[in-house]
Every structure is written in C-alpha cells, then in structure tokens.
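What follows is the residue order along each chain.
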Amino acid sequence: MKRKNWSVRLALTFLIVLSLAALFAEWVSPYRFDEQIIEDRLSGPSLQHWMGTDSLGRDLLTRILFGARLSLSIGFLTGLFGLLLGTLIGVVAAWRGGWVDIILMRLTDFLTTLPSILIAILLTLFFGRGFFGIFFALVCTSWMTHARIVRGNVLQLRSLPFIESAIALGASEPQLLWRHILPSLWGSIFVSLSFQIPANIMAESFLAFLGLGFEPPYSSWGTLAQDGFRAMRSFPHLILFPGLTLYFSLVGFQILSNHFMTRSLGHSQYSQNSRLEA
Amino acid sequence: MTYFLRKSSSFLLTLLLLSASVFLLLRIAPGGPFDGEKALPPEILENLNRHYGLDLPLSEQFAHWLGNLLSGDLGESFQYIGRPVSELISESVSISAVFGVGAILVSLIGGSLMGAYAAFHRNHWIDRIAQFVVSFGNTVPSYLFAGILVLIFSRWLELLPPALLEDPGSWVLPLITLAIRPLSMVLQLTRSSVSESLQTDYIRTAVAKGASHFRVLFHHALRNSLIPLVGLLGPLTANLLTGSFLVETVFQIPGMGKYFVSAVINRDYPLVMGVTLFYGTLLLAMTWISDLLYGWVDPRIRLDSQSAARQEST
C-alpha cells in the first residue's frame, strides 16, 4: 500500500509539473518554439539544449513543452466532451427505453466493432485537420464504452427504492435526472475520464505520426515524433525524447486511473473494456 | 436456421449502412481529390469529374457504386491512375494478412502460455516480466517501440534491416511491433482468468488426486481459461488493423494499411471506400465467428434466443 501511494504521488507530480511547464512554456524556456539557431542544428543533448535540437536548429525541449500544450489539452477536452456525450446517450437510452434505446445501442455496438482510430481517420476527412477537426473526430470516437456503462448504471438505479419514492413524491423528470440520477454517476464519469484522457492523447499522437494529425503550424508530440523518425538513424534523440515524454505521461495517467478505479469502483467494470485504444 | 438468416441480414444491413455513411462523409467533405499544389484549369477539372462520375447527384453516384460493387467492381483508384481498386486490394491483402496472422499466432501462443505460467507462479520473475509486458504494451506508443527496435537491432547491433521487405530478416521487426499490443491483451486476460480458475474446486480436486503441476496448469486450468480468449477475436483484429496502419507506414511495407493511409491523405475516394468496406466485412465476420465459437466452445451460452426461450419455458 505504501509503495503504491508513492508511485501515485510521483505520477501526479510528474503530470502537474509537465502541465505547468506546458502552460507557462514561454516563461520556462529561454527559446521561442520556432526559434532557429542554425549553428546548433541537430546537436545532441547539452547544457544549452537539454534535449538537443532538430534539423532546423530548434530547441527540442521547448518544442516538446509547446507540443504538450496541444497534446494534453486535446486529450483532456476530447475526453471530457466525449464523456458528456456518452453520459447523455447512456441516460437517454436507459431512461426512454423502447426503440430509442434499441437505436442508440445499435449505433454504439456498430461503432465499437470498428477500431476507433479508423473512424477518427475517416472523420478527419470530413471535419478537416484543424484543432476543431481533430477535436470532433476524437469526441465522436470516445463516448461508446462510457455510454454503455452509464446505461447499465441508470437501469440499475431506476429500480432502487429511493428513485421510486422520488417518483411517488411527484418529482419532475428533469429534477429526477439531475438531482437523483446524475449524482450517482459522477464516480464512474471520473474513472472513465482518467482512462479516456490518455487514450485520446495516444490516439492524437497516432494520427499525427501517420501524417493525419494537425496541420502545421500546430505540432503535437506525435508530429515531433514523426519528424524525428525520419532522422532517427543518425539522430536518435529526435524520436526518443518526444516518444519518451508521451510514454511517461501515459504511464503516469495509467497509475492514476488504476488508483481511482480501485478506490471508487470494483475492478470488474473497467478491467477489460476500457483500455487504451491505439 | 432462423439464427443464420437473422444474423446474415443484419450483417449485410450493417455493411450497407457503413458504406452509405462513409460514402456520404467523403462526398460532403470539403476539398476534392484533384486539389493539388496548383489549381487545375476549370475545364480539365470538369472533365476529370465527368470521367469519374463526380458531377452526378449523390444518390445516383451511390447507386452506381453499389451496382458496380455487386458485380465485384470497386471502381478505379484516383491516385494510381487506371488501376482498379479491387486489384490494389488483392495485391496488398496477402502481405498484410501474413503479418496479421503471424501477430495473432505469436500473441495467442506466447500470451496464453506466459499468462498461465505467470498466474501459477505469482510474483515469480516471469510474472514480473509478464506484468511489465502488459503495462508496456498498453502504454508504449507503437512508433516509439518501433523506433527503439530499429535503433537496437539495425543501428547498433546491425542484425536486421530497418525497413522494406527484402529478405526473411526484414519481417521480424514489423512483426514484433505489430504483436506487442495483442500479446499484452492476451497475456493480461489469460493471467487473470487462469488465476481465477486456480481457485476453483475442480482444480483443488485435481491437486488432491495428485496430478502434477504441469497437468493441473495446462490440462485443467488453462483449458477452461481459454474460453474468454474467443471474445478477444474481434478486438484483436481491430487492434491489428490499426497497428498495420502504423507498422506498414513506418517499415515501408506495401500492405493495405499503407494504401489506406495514403488514400486518405490523397483523398482517393474509391480506394478509401474499398478498403473501408473490406475492413468492415473483416471485423463483422470476426465478431460473428467469435459469437459462433463461444456457443461451440462453451455450451452454457446459447446463441439462438428462440432456443433460449424454449429452455426457459420448459
């Protein structure tokens, strides 16, 4: 138990430091993200450039911090909105029942059969590859698991005595959903969020690496890794640093989500169906 | 029989729905297939559009596409001019299939044996390695994994080629990259289900009868724990598809995943449609097969809701 707390603290500290550094990247880093120092280009790690520089002489650490801004925020925002959508769909399906339920669940099943990256790629064709294009594509692919969980929860709640008594007392439908159903869902929403954020960070970097992510001037960790991969054989630092930053943040998120999961819910619901996708 | 009819009609309906929505998505999407660096003169663009039937109303285009599909014609690629999509698919599918089947075999055999062993010897060093593989497979970005493999095996040790398919050695790194995630999925599932079944009464009986560790583990515990793996068939296939996009791009393998990615980038509509339809069919078929296998492997699960109802009423 003690060892676990220690790793949770380490993960939390790492993620907080990383987010703060990303948020205040302009002040933290002595370089601008597009500042080119030609004489230092393609240099390995040194005191001036802790993670070295890329082929245009840009400081890699600075670019990773600015990339973190994009990667972390897209992961957080798409995770959050995906779950809101999932909660909405789950509640509506369970509450309305009948053909609404059937249609919504068929849609959910259909979308879960296809790999979410495939759907996201097809959607970026439609929405384009700006911030909002990627945002919508990832939101559309991250609600299914959660919608199912919420639907199950609501169906269970419906039959409990406190809901029945609220109905008997004449609570209106919105009141019932907002005051009585929703508060019992927060726990599972929170746990789902801690799984969905890293999954979406990974998905975005995957798209970016394939060349299907943000178009320039945006550059996320995936974009940096893609640039790095081409020059990798001569300059391994260009793929290792962006890749490792992503890896350590994902491990951090995994430690946190396992911690939340064991604290607030039983293992069974999440252990298999809500793993990282890419 | 009714089960079969119902299932196959929903199968076809889903595929139709999939192709219609992808078709619509592609045609409404902003930007056309002929937007190049330089804008084409309007009359050439008009000719191109007429040649590929892009000037017709959407419903007509879709009906046309569907009609051709029934006769096995998926249209011509925009990007590889004059080459039918069906030809491109049948050329690339065998390469991707070899990798896919290879990765499935590696992950099923390696994952289940290692998972069973790890469950039997909790906290043994093999169990530690197993746990590391699971966590690594779940979190490591596959491009980083590919990068590390290339650095170690082709740059530093100079054992294996870093890309392209030339000699047998060049199949190794892509296969490992593709198999790591499926392997960790199988490993995780087997480890937990074997350790669950080790708690059961029939295992205690087997041990009490004096069966050897080996026999208890592989004959009694593992056999029953393999049932949940059947349900993994769909997710595994989905995972391998996504993996193939990356692996084939990174290692320059002329498989379907690479074609799909470049078709999306170049807005090659017929190729995107063809490959998506192929993927959809494959995934639905895998999910269906896994349903069927479930019923066959584990008679406690009934597929046919009618027979289930019959059982209930008796």
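Remember, it's a predicted structure, so these values are computed and weren't measured experimentally. (Residues numbered from 1 in each chain as written. Chains lettered and ligands numbered in written order. Predicted model: local features only at pLDDT ≥ 70, side-chain atom pairs only at ≥ 80, totals over all residues.)

Engineer: Is there a simple way to think about the overall build of chain A in this case?
Structural biologist: The helix and strand tally for chain A stands at 12 helices and 0 strands. In sequence order, the secondary structure elements of chain A are arranged as α-α-α-α-α-α-α-α-α-α-α-α. Each of the three principal axes of chain A carries a C-alpha extent, and together these read 75 × 50 × 30 Å. The buried share of chain A, reckoned over its 278 residues, is 44%. (Helix = DSSP H or I, 4+ residues; strand = E, 2+ residues; numbered from the N terminus. Buried ≥ 20, exposed ≤ 12 C-beta atoms within 10 Å, placed from the backbone.)

Engineer: Honestly, the confidence of the model for chain A in this entry has me stumped. Any pointers?
Structural biologist: Close inspection of predicted coordinates is inappropriate in any region flagged by low pLDDT. Residues and elements named next belong to chain A. In the predicted model, chain A carries a mean pLDDT of 82, and 91% of its residues have values of at least 70. Mean pLDDT values over the elements of chain A span from 42, in helix 12 (residues 268–271), up to 90, in helix 6 (residues 131–140). Below pLDDT 50 for its whole length, residues 267–278 participates in 24 contacts with residues either more than four positions away or in separate chains. (pLDDT = per-residue confidence, 0-100. Contact = placed C-beta atoms within 7 Å.)

Engineer: Sorry, what's going on with the nonpolar core here?
Structural biologist: If you look at soluble globular proteins, the nonpolar side chains tend to sit buried side by side. Ranked by size, the top nonpolar core spans 118 residues in total, and within it Ile 64 of chain A together with Val 275 of chain B carry the most contacts. When neighbours within four sequence positions are excluded, Val 275 of chain B is seen to be in contact with Ile 89, Met 256, Tyr 259, Phe 260 and Ala 263 of chain B. Grouped together as the second largest cluster of nonpolar side chains are 11 residues, Leu 83, Ala 93, Ala 94 and Leu 185 of chain A included. (Core = buried A, V, L, I, M, F, W, Y, C linked by C-beta atoms within 7 Å.)

Engineer: Explain the interface of chain A and chain B to me, please; I cannot follow it from the model alone.
Structural biologist: Listed by partner, the interface residues are 33 residues for chain A and 36 residues for chain B. By residue number, the principal contributor to the side of chain A that touches chain B is helix 11 (residues 237–264) of chain A, which donates 7 residues. When the residues that make up the side of chain A that touches chain B are grouped by side-chain class, the tally is 25 nonpolar, 6 polar and 2 charged. (Nonpolar A, V, L, I, M, F, W, Y, C, P; charged D, E, K, R; others polar.)

Engineer: When you look at the environment of Leu 69 of chain B in this model, what are you seeing that I'm missing?
Structural biologist: Residues and elements named next belong to chain B. With respect to the secondary-structure elements, Leu 69 resides in helix 3 (residues 58–70). The class for Leu 69 is partly exposed, based on 16 C-beta atoms found within 10 Å. Sequence-wise, Leu 69 and Ser 86 are 17 residues apart; in three dimensions their C-alpha atoms are separated by 9.9 Å.

Engineer: So what exactly am I meant to see when it comes to helix 11 (residues 233–250) of chain B here?
Structural biologist: Given 3.6 residues to a turn, an α-helix orients residues that are three or four positions apart in the same direction. For helix 11 of chain B, which comprises 18 residues, the first-to-last C-alpha distance of 25 Å matches the rise-based estimate of 26 Å (1.5 Å per residue) to within 8%. Most of helix 11 of chain B sits out of view: 17 of its 18 residues are buried. (Expected span 1.5 Å × (residues − 1).)

Engineer: Sorry if this is basic, but what is going on with helix 3 of chain B here?
Structural biologist: Given a rise of 1.5 Å per residue, 13 residues ought to cover 18 Å, and the 18 Å separating the end C-alpha atoms of helix 3 of chain B matches this to within 8%. Just downstream of helix 3 of chain B, Gly 72 of chain B is the residue with a positive phi angle, here 80 degrees.

Engineer: I tried to follow the environment of Arg 267 of chain B on my own but got confused; where do I start?
Structural biologist: Looking at the secondary structure, you find Arg 267 of chain B in the loop between helix 12 (256–265) and helix 13 (269–297). In this structure, the C-alpha to C-alpha distance between Arg 267 of chain B and Phe 78 of chain B, residues 189 residues apart in sequence, is 8.3 Å.

Engineer: Would you mind going over unusual backbone geometry with me for this structure?
Structural biologist: Glycine aside, residues mostly have negative phi angles, and peptide bonds mostly take the trans form. Residue and element names in this part refer to chain B. A positive phi angle, close to 55 degrees, is found at Gln 252, a residue other than glycine. Backbone geometry at Arg 267 places phi at a positive 55 degrees, although glycine is not the residue there. Classification of Arg 267 as partly exposed rests on a count of 18 C-beta atoms within 10 Å.

Engineer: Mind showing me how you'd approach the packing of helix 3 (residues 60–96) of chain A against helix 4 (residues 98–113) of chain A here?
Structural biologist: Between two packed helices, the angle of one axis relative to the other and the distance separating the axes together describe the packing. Residues and elements named next belong to chain A. Axis separation between helix 3 and helix 4 bottoms out at 7 Å; the angle between their running directions is 145 degrees. Seen along the crossing, helix 3 lies across helix 4 with a hand that is left-handed. The segment helix 3 lies against helix 4, with Ile 89, Val 92, Ala 93 and Arg 96 engaging Gly 98, Val 100, Asp 101, Leu 104 and Met 105. Tallied by class, residues from the contact of helix 3 with helix 4 come to 6 nonpolar, 1 polar and 2 charged. (Axes fitted to C-alpha atoms, helices over the stretch in contact; angles between N-to-C directions. Left-handed = near helix turned anticlockwise from the far one by under 90°.)

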